[in-house]
Amino acid sequence: MISRLIFISLMFFNFSAFSAEIKALRIGQHPDKVRVVFDMNGEMDFQVRIADNPRRLVVHLPSKTWNAGGDVIFAKPFQSIDHQKTITGLTQLSLPLTSLYTVQSAFMIAGQPNRLVIDMTPVTDIEFKRQLNKIHGPLVVNSQPDVLGDLISSFNKNGDTPYPSQKPKKRIKPIIVIDAGHGGKDPGAISKGGIKEKNITLPMAKMIAKTLNQSGRYTAKLTRSDDRYIKLYNRVKIARKAKANLFISIHADSVGNSRTRGASVYTLSNTASDKQTEKMAARENQADLIGGIDLNIEDKDVSAILIDLSMRETMNQSKTLANNVVGGLRGEGVKTLKGPHRYAGFAVLKAPDVPSILIETGFVSNESQARQLLTPAHQKRIAKSLMKSLDKYFEF
Ligand code: ZN
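Below you will find a few notes about this structure. Owing to the predicted nature of the structure, the values given are computational and were not obtained by experimental measurement.

## A few points about the coordination of the zinc ion
Around the zinc ion, the donor atoms from the protein are H182 (NE2), E197 (OE) and H251 (ND1), and they sit 2.0 to 2.1 Å away. In terms of primary sequence, the donors binding the zinc ion are separated according to H-x14-E-x53-H. Note that H182 is positioned in the loop between strand 10 (175-180) and helix 4 (197-215) and E197 in helix 4, a separation of 15 residues in sequence.

Dropping the structure here:
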C-alpha cells in the first residue's frame with residue numbers, strides 16, 4: 001500500500017521544476033539563538049512552524065529538490081533532517097528538536113541563491129506549547145488534503161507527512177584544522193633555557209590531531225607537520241581549502257614576568273574583523289570568500305551585508321567555541337589565566353567563514369611551564385580537554 005502511494009505521488013510530481021533546489025543548509029550557534037539558513041533557488045514562499053510528537057521544526061517550500069546532501073553539519077538543537085514531498089506538491093523538511101526551541105523569526109533574503117533564515121531560541125515547556133504550530137511565512141499549506149491525502153494522513157496523526165520518514169542521515173565528521181604556530185625561520189617565543197615556541201606547538205598540534213582522528217568523530221588536519229615557515233594568511237587559506245568547520249591555532253605565550261603561567265583562548269576582536277572584511281572584499285572575488293554562498297550578484301551593498309552577516313555568524317560561533325574550550329581546559333585541571341577568553345586581531349583568525357580560535361597553551365617565558373608543555377602527558381591533557389569541548393560544541 002505504502003509503496004503504491006509513493007509511486008502515485010512520484011507520478012504527480014514528475015513534472016515539477018527540477019531546477020528548483022535546496023543547495024545548502026547551515027546551522028549556526030550563537031550565544032542567544034540558533035540560526036538555520038537554507039540556500040535555495042526557485043520560488044521564495046515558505047512556511048515555518050514548530051510541531052509536536054515528535055518535537056520538530058517543520059518547513060514547507062514550493063517543490064524543490066534536496067541537494068544539500070552530505071555537507072550538513074548539525075548543531076544543537078538539531079541532529080538530522082528529513083526531506084520529502086507532500087501530496088500537494090510541496091517540499092517538506094522536518095528537523096527533530098533535541099531540546100525545547102521555538103521560532104523567533106523566519107525571513108527570506110533574495111539573492112543568488114535565495115536564503116531562508118530561521119532564528120530559533122530556547123524556551124520553557126509552557127512557551128513551547130504556546131508557540132506550537134504558530135505559522136511563520138506567507139506560504140499556505142493545504143490542510144484539507146484530497147482523497148489520497150486523507151488515506152495518507154491515516155498513516156500519520158499529524159497529517160502532513162505523506163509517507164514514512166527516512167532514517168536520519170549518518171552524521172558527517174566535522175573537519176578541524178589544527179595550526180601549529182610559527183615554524184622554520186620563525187621560532188616564536190624563546191625561553192631563557194632555549195626552548196622555542198615552534199617546537200612546543202608542533203608536537204602539541206600533532207597530539208591534538210591524533211586524539212581527534214582516533215575518536216572517529218572528527219577529521220583533523222594540520223597546517224604543518226614539520227618545522228617549516230608558513231605565512232599567516234596561507235594558514236587561513238589552508239583551512240578554507242580544507243573546507244574546515246573549525247580552525248584552531250596553537251601557540252605558547254611570553255611575558256616579562258617569568259612566573260606567569262596558564263592557558264588562554266583568543267577570538268578575533270570586532271574592530272579588527274570589520275576592517276578585514278573591507279580589505280578582503282576588495283582583494284578577492286567576493287564569491288570566493290564565503291563557502292557555499294554565491295555572492296556573484298550585482299548589488300554590492302547586498303554582498304557586503306552578506307559577508308558581514310557571515311562574518312558575524314562566524315565570530316559568534318568562535319566565541320561559543322572559545323567559551324567551551326575554556327570550560328574544557330578547566331575541567332581537565334589545566335590552569336588558565338584570569339579572564340581566559342580574550343580578543344585580539346590575530347591574522348590567523350580572519351577567515352570570514354571558518355570559526356577560528358587561537359589557544360595560548362601556556363607561557364614559554366615560564367621555564368617550568370615551557371618544559372611541562374613539551375611533555376606528552378600534558379599535551380594529552382590539553383588534547384583531551386579540547387576534544388571534550390568540541391564534542392560539546394558539535395553536540396556529540
Ligand atoms: Zn605564538
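## A word on the packing of aromatic side chains
One pass over the structure, following the stated rule, counts two aromatic pairs. Consider the rings of Y393 and F394, whose centres lie 4.9 Å apart with planes at 85 degrees: the pair is edge-to-face. You can call Y393 buried: its relative accessible area is 5%. Note on F394: relative accessible area 3%, which makes it buried.

## Focus: the pattern of salt bridges
Any two side chains of opposite charge can pair, so long as their charged atoms come close to each other. Taken as a whole and assessed by the stated rule, the structure comprises 14 salt bridges. The closest approach of N and O atoms between R235 and D179, which form a salt bridge, is 2.7 Å. Separated by 56 residues along the polypeptide, R235 in helix 5 (residues 232-241) and D179 in strand 10 bring together distant segments of the chain. Relative accessible area serves as the criterion here: at 0%, D179 is assigned to the buried category. Note that E332 is salt-bridged to K388, the shortest N-O span being 2.7 Å. Of this pair, E332 sits in the loop between helix 7 (300-331) and strand 14 (336-344) while K388 sits in helix 9 (residues 376-393), and the two are 56 residues apart along the sequence.

## A closer look at the nonpolar core
Of all hydrophobic cores here, the largest spans 40 residues; its most connected members are I176, I178, L212, I248 and L390. Top contributing element to this core by residue count: helix 4, with eight residues. For L390, the residues in contact, after removing those within four places along its chain, are I176, L212, Y218, L246, I248 and L321. Within the second largest apolar cluster, 32 residues are counted, among which are I22, L57, Y101 and M120.

## Considerations on the sheet that holds strand 8 (residues 101-109)
Strand pairing in a sheet is mediated by backbone hydrogen bonds. Such pairs are either parallel or antiparallel. Spatially, the five strands line up as an open sheet ordered 5-1-2-9-8, and their pairing is mixed. Single-partner strands in this sheet number two, and they are strand 5 (65-66) and strand 8. Relative to strand 2 (residues 34-40), strand 1 (residues 21-29) is paired through seven bridges, and the arrangement is antiparallel. Bridged to A24 within strand 2 is D39.

## A word on unusual backbone geometry
In this structure, the amide linkage connecting N53 to the following residue, P54, adopts the cis form with an omega of -5 degrees. Inspection of the secondary structure puts P54 in the loop between strand 3 (47-51) and strand 4 (56-62). The residue after K76, namely P77, is reached through a cis peptide bond having omega 5 degrees. Along the chain, P77 turns up in the loop between strand 5 and strand 6 (82-85). Positive phi, normally seen in glycine, also occurs at N133, with a value near 60 degrees.

## Side note on the side chain of T91
Looking at the element boundaries, T91 is found in strand 7 (residues 90-96). Given the relative accessible area of 3%, T91 is considered buried. A polar side-chain atom of T91 sits 2.7 Å from the main-chain amide nitrogen of K64.

## Details of the packing of helix 4 against helix 9
One can describe the packing of helix 4 onto helix 9 by two numbers: an axis separation of 9 Å at closest approach and a directional angle of 50 degrees. With respect to helix 9, the axis of helix 4 lies oblique. For the crossing formed where helix 4 meets helix 9, the hand is right-handed. Of the residues in helix 9, those touching helix 4 at P203, M204, M207, I208, T211, L212 and S215 are P376, Q379, K380, I382, A383, L386, M387 and L390. A class-by-class count of the residues in the contact of helix 4 with helix 9 yields eleven nonpolar, three polar and one charged.

Calculation rules
Residues numbered from 1 in each chain as written. Predicted model: local features only at pLDDT ≥ 70, side-chain atom pairs only at ≥ 80, totals over all residues. Heavy atoms only, no water. Donors = N, O, S within 2.8 Å, 3.2 Å for Na, K, Ca; no water. Helix = DSSP H or I, 4+ residues; strand = E, 2+ residues; numbered from the N terminus. Phe/Tyr/Trp six-rings, centres within 6.5 Å; stacked < 30°, edge-to-face > 60°. Buried < 20%, exposed > 50% of the residue type's maximum accessible area, 1.4 Å probe, protein only. Salt bridge = Lys/Arg side-chain N within 4 Å of Asp/Glu carboxyl O. Core = buried A, V, L, I, M, F, W, Y, C linked by side-chain atoms within 4.5 Å. Contact = heavy atoms within 4.5 Å. Pairing = 2+ DSSP bridges. Polar contact = N/O pair within 3.5 Å; in protein donor to acceptor, adjacent residues only side chain to side chain. Axes fitted to C-alpha atoms, helices over the stretch in contact; angles between N-to-C directions. Parallel < 35°, antiparallel > 145°, perpendicular 65-115°, else oblique. Left-handed = near helix turned anticlockwise from the far one by under 90°. Nonpolar A, V, L, I, M, F, W, Y, C, P; charged D, E, K, R; others polar.

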